[in-house]
Amino acid sequence: MEYNPLFKPGHTACVGCGQAVAARLVIEAAGSNTIVVNNTGCLEVFSTKYPETAWGVPWIHSLFENAAAVASGVEAALIYLGKSPPNGGMPPITPTADSANGGKAAKDTINVIAQGGDGGTADIGLQALSGMLERGHNILYCCYDNEAYENTGVQRSGLTPYATNTTTTPPGTKSIGNIRPKKPMPEIANAHGIAYVATASAGFPQDIQRKVKKAMSIKGPKYLQIHVPCPLGWRHGPELTLEVAKLAVETGLYPLIEYENGKLTAVRKIQPKPVEEYLKVQGRFKHLLNNPEEIKKIQAIADANIEKYNLKVKPGAT
Ligand SMILES: Cc1ncc(C[n+]2csc(CCOP(=O)(O)OP(=O)(O)O)c2C)c(N)n1
Ligand SMILES: [Mg+2]
């Protein structure tokens, strides 16, 4: 049988890249009937080195800030062609989507995925993303959250966690690293009143695919944020990528949650591990290891998540 994956090997991601793992899982779950709009960042760079591409589906590169805007245009064109259900959020175009499709519901629909890194999503692309969510486009937006601008040399983004060592937040005698907390992007997306918002992790591959399939079954805008370790920027061994991702979830620092129509409907329960287990395997947190005060603050962030999302397994439960 011909081997024809939708995300092909031979790309130039670093060894152990969590984003490469997650991107492959996402497109496999979405299927071949999908158009991908990818903004600037590591994923775009390592998967489409001219004249080659790793993508086995139609794929378009947008600018750093506008994957959601370009995807909105792709979706509008698909509605016009009768390849996507009219989205109900946008005013009809002329000729209307219904008339272009003979007044019938769209058949043979094509999925649209917009995707980018945390910087492209939570910082520079937030305006375009907010517009996409608010206008009701039938698009899954995937944010691959490696918690920094990795492609340009590990600069801090709005999704960089508290106390992280990045090249723009170096720790020293007067600094413990990044002084700001992580931007609550799932809650920001959820505040748009959309049907589906979820977080996922490279450490839980089946869970990523389940969430993508679920998102694809729901009409309207969907937001999925996937935690993807970056061995280069996080400074851990490439063989530890999935382990590090799992520890983020198991400590409560990266809760896996699902919102449906504004309500928290599911969480991955954990038997919380101390945050130190997650911090100590990464060079980006090395400066904290002899600093119990700072570790306490990070434990408090995990504890607040555990409380807020009710993450803790009940005693006796398995
Ligand atoms: C308008 C604009 N500003 C800056 C850049 C330079 N740039 C390219 S990729 C990138 C970082 C991407 O970070 P992120 O979105 O987190 O993706 P990652 O590379 O970490 O996967 C930057 C700053 C650009 N291409 N366009
Ligand atoms: Mg990034």
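Further up the page is the structure itself.
Once a new chain begins, its residue numbering starts again from 1 and follows that chain's sequence as written. Following the order in which they are written, the chains are lettered starting with A and the ligands numbered starting with 1. Owing to the predicted nature of the model, reporting of local features is limited to residues with pLDDT of at least 70; listing and counting of side-chain atom pairs is limited to 80 or more, with chain, interface and lining totals taken over all residues. Calculated side-chain values reflect all of the structure's heavy atoms, with hydrogen atoms and water omitted.

## Considerations on the nonpolar core
Phase 1: Note on terminology: a nonpolar core comprises buried Ala, Val, Leu, Ile, Met, Phe, Trp, Tyr and Cys residues joined through side-chain atoms within 4.5 Å. With a 1.4 Å probe rolled over the protein chains alone, any residue whose accessible area is under 20% of its type maximum counts as buried; one over 50% counts as exposed, and the rest are partly exposed. Leu129, Tyr141, Tyr223, Tyr278 and Ile298 are the most contacted members of the largest nonpolar core, which has 51 residues in total.
Phase 2: The way it works is that DSSP assigns letters per residue, a run of H or I at least four long becomes a helix, a run of E at least two long becomes a strand, and they are numbered from the N terminus. With 5 residues, the top contributor of residues to this core is helix H3 (residues 67-80).

## A few points about the packing of aromatic side chains
Phase 1: A pair of Phe, Tyr and Trp rings is counted when the ring centres sit within 6.5 Å of each other, with Trp represented by its six-membered ring. The angle between the planes then sorts it: under 30 degrees is stacked, over 60 is edge-to-face, the rest tilted. Scanning the model with the defined rule gives 5 aromatic pairs in all.
Phase 2: When the ring of Tyr141 is compared with that of Tyr223, the centres are 6.2 Å apart and the planes differ by 15 degrees; the resulting orientation is stacked. In this pair, Tyr141 sits in strand S4 (residues 140-145) while Tyr223 sits in strand S6 (residues 222-227), placing the two residues 82 residues apart along the sequence.
Phase 3: With relative accessibility at 1%, the residue Tyr141 sits in the buried group.
Phase 4: Relative accessible area serves as the criterion here: at 0%, Tyr223 is assigned to the buried category.
Phase 5: Ring geometry for Tyr278 versus Phe285: centroids 6.1 Å apart, planes at 45 degrees, classification tilted. Each member of the pair Tyr278 and Phe285 is classed as buried.

## Details of the sheet that holds strand S7 (residues 257-260)
Strand pairing in a sheet is mediated by backbone hydrogen bonds. Such pairs are either parallel or antiparallel.
Phase 1: Strand pairing is defined by DSSP finding a minimum of two bridges between the two strands. Ordered in space as S2-S1-S3-S4-S6-S5-S7-S8, the 8 strands form an open sheet in which the pairing is mixed. Pairing within the sheet leaves two strands with one partner each, and these edge strands are strand S2 (59-61) and strand S8 (263-267). For this sheet the average axis-to-axis angle between neighbouring strands, irrespective of direction, equals 20 degrees.
Phase 2: By the bridge criterion, 3 bridges tie strand S1 (residues 34-38) to S2 in an arrangement that is parallel. Pairing of Val36 across the sheet is with Trp59, part of S2.
Phase 3: In the packing of helix H8 (residues 205-216) onto the sheet, the strands contacted are strand S3 (111-117), S4, strand S5 (196-201), S6 and S7, and the crossing angle to S5 comes to about 160 degrees. Axis definition: a line fitted to C-alpha atoms, over the contacting stretch in the case of helices. Angles run 0 to 180 degrees between N-to-C directions. When checking whether two residues touch, look at their non-hydrogen atoms; a contact exists if any pair is within 4.5 Å.

## Some thoughts on the coordination of the magnesium ion (ligand 2)
Phase 1: Each protein donor to the magnesium ion (ligand 2) is listed here as Asp118 (OD), Asn146 (OD1) and Ala148 (O); together their distances run 2.0 to 2.1 Å.
Phase 2: Water is not part of the atom set, so a site may look incomplete; the donors themselves are N, O and S atoms within 2.8 Å of the metal, or 3.2 Å for Na, K and Ca. Positions of the donor residues of the magnesium ion (ligand 2) along the chain correspond to the pattern D-x27-N-x1-A.
Phase 3: Of the residues examined, Asn146 reaches a relative accessible area of 5% and is grouped as buried.

## Observations concerning the layout of surface pockets
Phase 1: Definitions used throughout: a 1 Å grid over protein atoms alone; a cavity as a set of points that fits a 1.4 Å probe which cannot get out; a pocket as an open set with protein on both sides within 12 Å along at least five of seven lines; a lining residue as one with an atom within 4 Å of a point. Grid points are joined across faces, edges and corners, and a volume is the space filled by probe spheres set on the points. Roughly 510 Å³ of volume is contained in the largest pocket.
Phase 2: Elements that contribute at least two residues to the lining of the largest pocket include exactly helix H7 (185-190), S6, helix H11 (275-279) and helix H12 (292-308).
Phase 3: Here the element with the most residues in the lining of the largest pocket is H12; it accounts for 5 residues.
Phase 4: Residues were grouped as follows: Ala, Val, Leu, Ile, Met, Phe, Trp, Tyr, Cys and Pro as nonpolar; Asp, Glu, Lys and Arg as charged; and all remaining residues, including Gly, as polar. Partitioned by chemical class, the residues of the lining of the largest pocket number 18 nonpolar, 4 polar and 6 charged.

## Some thoughts on the pairing of S8
Phase 1: Direction of pairing for S7 relative to S8: antiparallel, over a ladder of 4 bridges. Paired with Tyr259 across the two strands is Leu264, which belongs to S8.
Phase 2: Here S7 folds back onto S8, and the loop between the two strands holds 2 residues, one of which, Asn261, carries a positive phi near 50 degrees.

## Some remarks on empty space enclosed by the protein
Phase 1: One pass over the full model with this rule turns up 1 cavity of 30 Å³ or more.
Phase 2: Considered as a void within the structure, the largest cavity measures approximately 30 Å³ in volume.
Phase 3: Forming the boundary of the largest cavity are Asn146, Glu147, Ala148, Glu150, Val154, Thr164, Asn165, Thr166, Gly233, Trp234 and Arg284.
Phase 4: Across the lining of the largest cavity, the residue classes break down as 3 nonpolar, 5 polar and 3 charged.

## Points about helix H10 (residues 241-250)
Every α-helix carries 3.6 residues per turn, so stepping three or four residues along brings you back to the same face.
Phase 1: Most of H10 is tucked away, with 7 of its 10 residues classed as buried.
Phase 2: Buried within H10 we find Thr241, Val244, Ala245, Leu247, Ala248, Val249 and Glu250.
Phase 3: Just downstream of H10 lies Gly252, where phi reads positive at about 95 degrees.

## Overview of the site of ligand 1
Phase 1: Here a residue is considered near a molecule or strand provided that any single heavy atom belonging to it is located within 4 Å of it. Looking at ligand 1, there are 17 residues lining it, with Cys42, Gly119, Gly120, Ala148 and Glu150 nearest.
Phase 2: At a separation of 3.0 Å, an oxygen atom of ligand 1 approaches a polar side-chain atom of Asn146.
Phase 3: Here a polar contact is recorded for every N or O atom pair within 3.5 Å, except that within protein the pair must consist of a potential hydrogen donor and a potential acceptor, and residues adjacent in sequence are included only if both atoms are side-chain atoms. Glu150 is positioned with one of its backbone polar atoms (N or O) 2.9 Å from an oxygen atom of ligand 1.
Phase 4: Per-residue and other accessible areas follow the Shrake-Rupley method at a 1.4 Å probe size, with only the shown protein chains counted as cover for residues. Expressed as a share of its isolated accessible area of 590 Å², the protein-covered part of ligand 1 is 74%.
Phase 5: If one sorts the elements of the shell around ligand 1 by residue count, helix H5 (residues 118-123) sits on top with 3 residues.
Phase 6: A per-class count over the shell around ligand 1 returns 5 nonpolar, 9 polar and 3 charged.

Bear in mind that shape data such as this cannot, by itself, settle questions of function.
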